[in-house]
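The primary structure of each chain is shown beneath.
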Amino acid sequence: MQKIKKFNSINKKIISTILSLLIILSFSSCKKSDSKHIDEYPVTVSGVTIQKSPEKVVVLSDSLADIILALELENKLIARTDECTQEKLATLPSIGSIQNIDLNKISSYSPDLILADKTIENNLLEKLQTLNIPVICLEPATKRESFITLYQDLGSILAGAQTGKTLGENTANNILMTLDDINRIIPKKGVVTTACYFYDSNKKIASGDTLASMLLELSGATNIAKGSTNFNIDTTALKISNPNFIFCAENTKNDLLADSTIASLQAAQNGNTFEMDKSLMTRQGHTVVDAVTFMASKMYPEIATSNSSKSDNNETSSKQEDTSQAESNSTESIAEKTYENIQISNGDVSDDVLKVENRLDELNFMPTKPDNVFNEYTVRAITDFQYINGLNATGEANKETLELLFSDHAKTREEPSRVK
């Protein structure tokens, strides 16, 4: 009897201890959960602390607006400057140009945050600070590392220290992978192709401390100004480097060619001077992909020709295969069978979306695991596939894209977009 009582006493102590541990663990778990939620904010970037998620943001920089669009956080924006001409922001009210901002308009929208580049004039910054609205100025990216950091910072500001930072890092890496993919399909030649980019007719050049310099390199050229800084290059160095190609902002070509030094360069002599939309080299969202694509197509036109020829050869090959009825019956157009009834678009949730995502994943383009939801990751994968396979990069699952996607001729991404 004494033993039984002693045993029961021990049992009670054990049970009591276990219950205490469970309570502690449960409390700990709750604390961790709460901590995870709390950890999203406050966020401190560029010396400014944001206490909670900003829901009414005014953006003064077209480049930052471009990144916000890449992050798909444009729903946070309530106003913009005239320079933010992106189609998706057309319905947002303007608060004037960056040179002539209407402070009263900004105040009337009662924003909880203003975003600007660090290149903003000091006198304008001082005026903005009198509105008693937090102003965060972000440094434009100049290299791959700062490109990722910029996306992480902007993501953290708008979506939290954990969620936003991860979103920013993933988005930046996906864009950089697309740029690398474009660079890989550039023909390798025995000679070096040299180029430069002028921002204006005063010969403000894309020096080595700019992201534009990196874009030139990714497009298959050696930037003649990569050893220079602060948008300058010595006239003698310009003459000696004698670039094969000159790229410049729109409406500057004629003024540049009127300069005797520029006119004497082989790029000018050979008709290899090309104007491009100035935003291509100043905005740092998905626009950077368009910039590299444009410059690469001018320096290596055979890329487009090669893709076109492959399409023609594919058609010819298909016709030849169709001459054999038996073979046709046994291998009956796998691509056609797969894509002919698929009609999907952004926002769709279906088995057809999963079918497309699985094929994109098989070819190493999906940045996330296929989940049958046509979202920003699906759009990014389709866009990358289109770039690498010489199609018009729209991000849409159109017939031409689906036909090539499910064919034996689809190009595989060399480096997978995600770890499988």
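As the structure is a computational prediction, the values presented were derived from the model and not from experiment.

Criteria and thresholds
- Residues numbered from 1 in each chain as written.
- Predicted model: local features only at pLDDT ≥ 70, side-chain atom pairs only at ≥ 80, totals over all residues.
- Heavy atoms only, no water.
- Phe/Tyr/Trp six-rings, centres within 6.5 Å; stacked < 30°, edge-to-face > 60°.
- Helix = DSSP H or I, 4+ residues; strand = E, 2+ residues; numbered from the N terminus.
- Buried < 20%, exposed > 50% of the residue type's maximum accessible area, 1.4 Å probe, protein only.
- Arc of directions from axis to C-beta.
- Contact = heavy atoms within 4.5 Å.
- Polar contact = N/O pair within 3.5 Å; in protein donor to acceptor, adjacent residues only side chain to side chain.
- Salt bridge = Lys/Arg side-chain N within 4 Å of Asp/Glu carboxyl O.
- Pairing = 2+ DSSP bridges.
- Right-handed = clockwise from strand over helix to strand, strands pointing away.
- Core = buried A, V, L, I, M, F, W, Y, C linked by side-chain atoms within 4.5 Å.

K.L.:
Provide a residue-level description of the packing of aromatic side chains, including the pertinent values.
P.N.:
Evaluated as defined, the whole model comprises seven aromatic pairs. Ring centres of Y199 and F231 lie 5.6 Å apart, and the angle between their planes is 85 degrees; this geometry places the pair in the edge-to-face category. With Y199 in the loop between strand 9 (194–198) and helix 7 (211–218) and F231 in the loop between strand 10 (222–223) and helix 8 (235–241), the pair connects residues that are 32 residues apart, well separated along the chain. For the pair F365 and F385, a centre-to-centre distance of 5.5 Å together with 85 degrees between the ring planes defines the contact as edge-to-face.

K.L.:
Hey, could you go over helix 4 (residues 122–129) for me, with residue numbers and the actual values?
P.N.:
For helix 4, the complete set of buried residues consists of L124, L125 and L128. For helix 4, the buried positions fall inside an angular range of 100 degrees around the axis, keeping them on one side. In helix 4, the exposed residues that point more than 90 degrees away from the buried face are N122 and E126. In this structure, the buried residues of helix 4 make contact with strand 6 (100–101), helix 3 (103–108), strand 7 (113–117) and strand 8 (135–138).

K.L.:
Give a description of the side chain of S94 that names residues and reports values.
P.N.:
Inspection of the secondary structure assignment puts S94 in the loop between strand 4 (77–80) and strand 5 (96–97). Judged by its relative accessible area of 18%, S94 falls in the buried class. There is a polar contact of 3.1 Å between the side chain of S94 and the backbone nitrogen of G96. Contact partners of S94, with chain neighbours within four places excluded, come to R80, T81, D82 and K105.

K.L.:
Let's hear about helix 7: which residues, and what values?
P.N.:
For helix 7, a buried count of seven out of eight residues is recorded, marking the element as mostly surrounded by other parts of the structure. With its phi angle positive at about 100 degrees, G220 sits one or two positions after the end of helix 7.

K.L.:
Please set out the pattern of salt bridges residue by residue, giving values where relevant.
P.N.:
Considering all chains together, one arrives at 10 salt bridges under this definition. A salt bridge links R184 to D181; the shortest N-O distance between them is 2.5 Å. With R184 and D181 both in helix 6 (residues 163–184), this residue pair falls three residues apart, about one helical turn. For D384, the salt bridge is made with R380, and the minimal N-O distance between the two is 3.2 Å. Of this pair, D384 and R380 both sit in helix 17 (residues 376–388), four residues apart, which is roughly one turn of the helix.

K.L.:
Pulling in residues and values, what's your account of the pairing of strand 8?
P.N.:
On a regular strand, one side chain projects to one face of the sheet and the next to the other, so that they alternate. What you see with strand 8 is no split at all: V135 and C137 on one side and I136 and L138 on the other are buried throughout. Of the strand pairs in this sheet, strand 7 and strand 8 are connected by four bridges, and their pairing is parallel. Bridge pairing links D117 to L138 in strand 8. Taking the sense of rotation as the criterion, the β-α-β connection linking strand 7, helix 4 and strand 8 turns out right-handed.

K.L.:
Quick one: what's the story with the nonpolar core, residue by residue and with numbers?
P.N.:
L115 and F247 are the most contacted members of the largest nonpolar core, which has 66 residues in total. The next biggest cluster of nonpolar side chains, apart from the first, holds 21 residues, and it includes I342, F374, I382 and L391.

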